[in-house]
Amino acid sequence: MDLLLQLPILLFSVIIHEFAHGYTAHKMGDDTAYLSGRLTFNPLAHIDPIGTVVFPLICYFSGMPLFGWAKPVPVNPYRLNNPSKDMIKVAASGALSNVGLAIVCAILFKIALLSSFILGTSITSLLLKALRFGVIINFALAFFNLIPIAPLDGSKVMSGLLPLEYAQKYERHTPYGMWILVGLFITGFIRYLIIPPVIFALNVLAFFGLRVF
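### Considerations on the nonpolar core
Core analysis: the biggest nonpolar cluster contains 37 residues, and Phe67, Val135, Ile137, Phe139, Phe144 and Ile194 have the highest contact counts within it. Elements that contribute at least two residues to this core include exactly α1 (2-27), α3 (49-62), α4 (83-114), α6 (121-145), α9 (177-187) and α10 (190-207). Not counting residues up to four positions away in its chain, the partners in contact with valine 135 are Ala102, Cys105, Ala106, Leu202, Leu205 and Val212. Within the second largest apolar cluster, five residues are counted, among which are Ala25, Met28, Leu80 and Met87.

### Let's talk about the packing of α4 against helix α7 (residues 153-161)
Packing of α4 against α7 leaves a shortest axis separation of 8 Å and a crossing angle of 155 degrees. Comparing their axes, α7 and α4 come out roughly antiparallel. Between α4 and α7 lies a crossing whose hand is left-handed. On α7, the residues touching Ser84, Met87, Ile88, Ala91 and Ala92 of α4 are Asp153, Lys156, Val157, Gly160 and Leu161. By residue class, the composition of the contact of α4 with α7 is six nonpolar, two polar and two charged.

### Let's talk about the side chain of histidine 21
Along the chain, the position of histidine 21 falls in helix α1. In this structure the side chain of histidine 21 is engaged in a polar contact, spanning 3.1 Å, whose partner is the side chain of histidine 17. A distance of 3.5 Å separates polar atoms of two side chains, one belonging to histidine 21 and the other to serine 93.

### Digging into a nonpolar patch on the surface
Taken together, the side chains of Leu44, Ile47, Ile50, Val53, Val54, Ile58 and Trp69 define a hydrophobic patch exposed on the protein surface, amounting to about 610 Å² of accessible area. Structurally, the position occupied by valine 54 is in helix α3.

### A short note on the layout of surface pockets
When its volume is computed, the largest pocket comes out at roughly 540 Å³. Lining the largest pocket are 27 residues, with Trp69, Pro72, Asn145, Pro151 and Leu152 sitting closest to its centre. Secondary-structure elements contributing two or more residues to the lining of the largest pocket are α1, α4, α6, α7 and α9. Here the element with the most residues in the lining of the largest pocket is α9; it accounts for five residues. For the second largest pocket, the calculated volume is near 390 Å³. Forming the walls of the second largest pocket are 21 residues, and the residues nearest its centre are Met87, Lys156, Ser159, Gly160 and Glu171. Secondary structure elements with two or more residues in the lining of the second largest pocket: α4, α7 and α8 (164-170).

### Regarding the packing of aromatic side chains
Per the counting criterion, the structure on display carries eight aromatic pairs. Note on phenylalanine 55 and phenylalanine 185: the rings are 5.0 Å apart at their centroids and 85 degrees apart in plane angle, and the pair reads as edge-to-face. Here phenylalanine 55 is found in helix α3, whereas its partner phenylalanine 185 is found in helix α9, with 130 residues between them in sequence. The class of phenylalanine 185 is partly exposed, set by a relative accessible area of 27%. Each ring, one from phenylalanine 207 and one from phenylalanine 208, has its centre 5.2 Å from the other, and the planes form 90 degrees; the classification is edge-to-face. The pair formed by phenylalanine 207 and phenylalanine 208 is uniform in burial state, with each residue classed as exposed. Each residue in the set Phe55, Trp69, Phe144 and Phe185 is aromatic and connected to the rest through ring pairs, giving one cluster. Over the ring of phenylalanine 213 we find arginine 132; its NZ or CZ atom is 5.2 Å from the centre of that ring.

Definitions and limits used
- Counting restarts for each chain, with residues numbered from 1 along the sequence as it is written.
- In keeping with the predicted nature of the model, local features appear solely for residues at pLDDT of at least 70, side-chain atom pairs appear and are counted solely at 80 or more, and the whole-chain, interface and lining totals rest on all residues.
- Note that water and hydrogens are dropped before the side-chain values are worked out from all heavy atoms of the structure.
- Throughout, nonpolar core names a set of buried Ala, Val, Leu, Ile, Met, Phe, Trp, Tyr and Cys residues whose side chains join them through atoms within 4.5 Å.
- Residue burial is assigned from relative accessible area. The probe radius is 1.4 Å, only protein chains are included, and a residue is buried under 20% of its type maximum, exposed over 50%, and partly exposed in between.
- Note on conventions: DSSP H or I runs of at least 4 residues are helices, E runs of at least 2 residues are strands, and numbering of each starts at the N terminus.
- Any two residues whose heavy atoms approach within 4.5 Å at even a single point are treated as in contact.
- Every axis in this analysis is a line fitted to C-alpha atoms, fitted for helices over the stretch in contact. Angles between the N-to-C directions lie between 0 and 180 degrees.
- Roughly parallel means an angle under 35 degrees; roughly antiparallel, over 145; roughly perpendicular, 65 to 115; everything else is oblique.
- Crossing handedness is defined as follows: a turn of the near helix away from the far one that is anticlockwise and smaller than a right angle gives a left-handed crossing, while the clockwise case is right-handed.
- Three categories are distinguished: nonpolar for Ala, Val, Leu, Ile, Met, Phe, Trp, Tyr, Cys and Pro, charged for Asp, Glu, Lys and Arg, and polar for the others, with Gly belonging to the last.
- Any pair of nitrogen or oxygen atoms within 3.5 Å is treated as a polar contact; in protein, a donor-acceptor pairing is required on top of that, and neighbouring residues in sequence qualify only through side-chain atoms on both sides.
- Like-charged residues within 9 Å of one another, or nonpolar side chains (Val, Leu, Ile, Met, Phe, Trp, Tyr) within 5 Å, are grouped into patches, provided each residue has over 30% relative accessible area and no salt bridge.
- Each accessible area value is a Shrake-Rupley result obtained with a 1.4 Å probe; residue values ignore everything except the protein chains displayed when judging cover.
- What makes a salt bridge here is a side-chain nitrogen of Lys or Arg within 4 Å of a carboxyl oxygen of Asp or Glu, nothing more.
- Method remark: on a 1 Å grid restricted to protein atoms, a set of points is classed as a cavity if a 1.4 Å probe fits but cannot get out and as a pocket if it is open with protein on both sides within 12 Å along at least five of seven lines; lining residues have an atom within 4 Å of a point.
- Grid points are joined across faces, edges and corners, and a volume is the space filled by probe spheres set on the points.
- Paired rings are identified among Phe, Tyr and Trp, the last through its six-membered ring, by centres lying within 6.5 Å, and are further divided according to the angle between planes into stacked (under 30 degrees), edge-to-face (over 60) and tilted (the rest).
- Geometrically, a charge over a ring is one whose NZ (Lys) or CZ (Arg) sits within 6 Å of the ring centre while staying within 35 degrees of the ring normal.

So this is what it looks like as structure tokens:
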């Protein structure tokens, strides 16, 4: 039952993530995603067999927070109004959209909890579980994508923030980025890059009265 709740939430979350990239790029002058038919909420335009199906199942059965990815939205930095600065915004928009979704889910969790006498025990229990997953999955997506290793969004943010000389040296890791990520997953070290920030974010929500556990 948990997996049946989590997969649709993950799918919706990665679609919002990619849409945010495309929408932000479009606002900054690059209509590549729009012309490619990716500025849409249609799941068929975004599903990646490995990132949206296989990888989430691996996470689920290995005890990791459920997360994955959709097909990356195409962005042409040279069509942006200000390529260096706008690319930071485009790259960061995906993670920010997931943080926003997590906060929305936490607020809805609070409302559902207060409205339990109206919804009934069984419906409320299922809704609270789904919203709790929504919070965790979206925070996990946000922090995973902000890891500064190519091809993740965090690497693009880092490249944009560094002075040109240091950015060029930093980007030398790009051809090996995917292998570095694979190594992090195989060794299990990826947990320490995702779980502590998620716990911190949950504690921040709790501080503001949006406790979901």
